[in-house]
Amino acid sequence: MNTERKKHNIILPVLSAAGMLLFLLAGGIYFAGYLQEQIFVERTTQLNEITSQVQVNLENALDAHWNYVTIAVNILEEQEFDTLEDVTECLRRMEELMEAESYSSELMLLDSQGNCYDARGKHGVWSDIQMISGGEERYTFISDSLSGRGSYWAFVRKAVRPFQAEAEGISFTHVILLKDVHALAEYYDSAAYGSRNETYILKSNGTRMHDDIYQDKTIQAYNVLKVLEEMEGQGFPDIRAALKEQNTISTNFRYNGTEYYYCLTALEEYDTLVLFLIPADYVASGAVNMVSAVIRMLLIMG
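In what follows, the accompanying structure is described. (Residues numbered from 1 in each chain as written. Predicted model: local features only at pLDDT ≥ 70, side-chain atom pairs only at ≥ 80, totals over all residues. Heavy atoms only, no water.)

Digging into the sheet that holds strand E6 (residues 170-180)
Selection rule: Two strands qualify as a pair provided that DSSP identifies no fewer than 2 bridges between them. Only runs of H or I of at least four residues qualify as helices and only runs of E of at least two qualify as strands under DSSP, and these elements are numbered from the N terminus. For every element, the axis is a line fit to its C-alpha atoms; helices are fit only across the contacting stretch, and the angle between N-to-C directions ranges from 0 to 180 degrees. In what follows, a contact means two residues having at least one pair of non-hydrogen atoms within 4.5 Å.
Spatially, the six strands line up as an open sheet ordered E3-E2-E1-E6-E5-E4, and their pairing is antiparallel. The strands lining the two open edges of the sheet, one partner per strand, are strand E3 (121-125) and strand E4 (138-143). For this sheet the average axis-to-axis angle between neighbouring strands, irrespective of direction, equals 30 degrees. Against the sheet, helix H2 (residues 65-78) engages strand E1 (105-111), E4, strand E5 (152-165) and E6, with an angle of about 15 degrees to E5.

Written as structure tokens, this is what we have:
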């Protein structure tokens, strides 16, 4: 009888201790998972807030360029041109007034046959002519039509009244302002992460600008969205579909053993996506440090 009582007295504390350890272990795992979830929420929330502000700043900067296009259209429609040389000279003077070269901009015209013209003359059928085939009054998109000279936002406005080079029988139907994408970097580059973030300006189909493919960046591929969708742990199997549901999305993934966060926002009117890519250690680092301090304190108290 005493032997049974002794066994009972030994087993009961052991079982109690084991149960307590299992409870603490399960609680610790749950608590750790909860903290990781809160860190993820804090990081994505911060990314969305910063990226939304960048989106507003960039859209405002782009919107302002329509004023220049409208002025150019009004001037050209009020003029009477005899020769093509008269037209190109008018373009040259307007570019001087706009200080186009200083602001990395250029004016172009399209005729009724799709040929493009600048201040230097005619350059054949515009390579982006299919982008304006819908008959709308205006279009904006990223253009690589200036071969070897980089990528530009193209602001295209249809003339209300086509204007002529009478002697040569040329009818001009559209006015185009080209703006170097890199010239607006101050509006889309963010210093919020100590210059640790990478910024990608993408076309709406997810491809990057032709002149930005070979820079020293984490994603070297031309189709950036396709690469992101294939990343380990990336939360959006169809990124374009996710963007249709919410204009700004963010999540994390792992690449070459490093955790990254990205935030992607759409500027629908400008056929443009802005992508920020940041190593996880630099996203909401203050909140993460605070959580780490709480965990250390609990371990010490325990």
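Details of empty space enclosed by the protein
Using the following cut-off: Of the two site types, the cavity is a set of points on a 1 Å grid over the protein atoms alone where a 1.4 Å probe fits but cannot get out, and the pocket is an open set with protein on both sides within 12 Å along at least five of seven lines, each lined by residues with an atom within 4 Å of a point. Grid points are joined across faces, edges and corners, and a volume is the space filled by probe spheres set on the points. Under the grouping applied here, Gly and all other residues not named as nonpolar or charged are polar, the nonpolar ones being Ala, Val, Leu, Ile, Met, Phe, Trp, Tyr, Cys and Pro and the charged ones Asp, Glu, Lys and Arg.
A full pass over the atoms with the stated rule returns one cavity of 30 Å³ or more. Leu-47, Ile-50, Thr-51, Ser-190, Tyr-193, Phe-276 and Ile-278 are the residues that line the largest cavity. Counting residues per element, the lining of the largest cavity draws most heavily on helix H1 (residues 2-63), which supplies three residues. Tallied by class, the residues present in the lining of the largest cavity amount to five nonpolar, two polar and no charged.

Here we look at the pairing of E6
Counted only if it meets this: Burial classes follow relative accessibility: with a 1.4 Å probe on protein chains only, a residue under 20% of its type's maximum area counts as buried, one over 50% as exposed, and anything between as partly exposed.
Counting buried positions along E6 yields eleven of eleven residues, so the element is predominantly enclosed. By the bridge criterion, ten bridges tie E5 to E6 in an arrangement that is antiparallel. Within E6, the position partnered with Val-156 by the bridge is Ile-176. Between E5 and E6, which pair antiparallel and follow one another directly, the connecting turn spans four residues, one of which, Gly-169, has a positive phi of 65 degrees.

A word on helix H3 (residues 84-98)
The condition that has to hold: Every helix has an expected span of 1.5 Å times one less than the residues it contains. Directions from the helix axis toward the C-beta atoms define the arc.
For H3, with 15 residues, the first-to-last C-alpha span of 21 Å sits near the 21 Å given by 1.5 Å per residue. Of the residues making up H3, those classed as buried are Leu-84, Val-87, Thr-88, Cys-90, Leu-91, Met-94, Glu-95 and Met-98. Viewed end-on, H3 has its buried residues packed into an arc of 155 degrees, placing them on one side of the element. Every exposed residue of H3 that faces more than 90 degrees away from the buried side is listed here: Glu-85, Glu-96 and Leu-97. Positioned one or two residues after H3, Glu-99 has a phi angle of 50 degrees, which is positive.

Quick notes on the packing of aromatic side chains
Where we set the bar: Planes of paired rings set the category: under 30 degrees apart is stacked, over 60 is edge-to-face and the rest tilted, where pairs are Phe, Tyr or Trp rings (Trp by its six-membered ring) whose centres lie within 6.5 Å.
Applying the stated criterion to the full structure yields nine aromatic pairs. Plain terms: the ring middles of Tyr-117 and Phe-172 are 5.1 Å apart, the flat faces sit at 80 degrees to each other, and that makes the pair edge-to-face. One end of the pair, Tyr-117, is in strand E2 (residues 115-118); the other, Phe-172, is in strand E6, with 55 residues separating them in the sequence. Judged by relative accessible area, which is 2%, Tyr-117 ranks as buried. The buried category is assigned to Phe-172, whose relative accessible area is 0%. With a centroid separation of 6.0 Å and an interplanar angle of 40 degrees, the aromatic rings of Trp-126 and Phe-141 are classed as tilted. Highlighted residues: Trp-126 in the loop between E3 and E4 and Phe-141 in strand E4, separated in sequence by 15 residues.

Details of the nonpolar core
The line we're drawing: Buried Ala, Val, Leu, Ile, Met, Phe, Trp, Tyr and Cys residues form a nonpolar core when they are joined through side-chain atoms within 4.5 Å.
By size, the foremost hydrophobic cluster in this structure holds 44 residues, and its most contacted members are Leu-109, Trp-153 and Phe-172. When contributions to this core are tallied by element, the ones reaching two or more residues are H1, H2, H3, E1, E5, E6, strand E9 (258-267) and strand E10 (272-279). Counting residues per element, this core draws most heavily on H3, at six residues. In this structure, Leu-109 is in contact with Leu-76, Val-87, Leu-91, Asn-115, Cys-116, Tyr-117, Phe-163, Phe-172, His-174 and Val-175, ignoring residues within four places of it in sequence. Grouped together as the second largest cluster of nonpolar side chains are 20 residues, Val-224, Ala-242, Leu-264 and Leu-273 included.

Re the sheet that holds E9
Within a sheet, each strand pairs with its neighbour through backbone hydrogen bonds, oriented either parallel or antiparallel. Judged by pairing direction, the sheet is antiparallel, and its four strands sit side by side in the order E7-E10-E9-E8 without closing on themselves. Sheet topology places strand E7 (198-203) and strand E8 (248-255) at the edges, where each strand pairs with a single neighbour. Neighbouring strand axes in the sheet, compared pairwise and without regard to direction, differ in orientation by 25 degrees on average. Two strands pair when backbone bridges link them, and E7 and E10 are joined in this way by six bridges, in the antiparallel orientation. The partner of Leu-202 across the bridge, within E10, is Leu-273.

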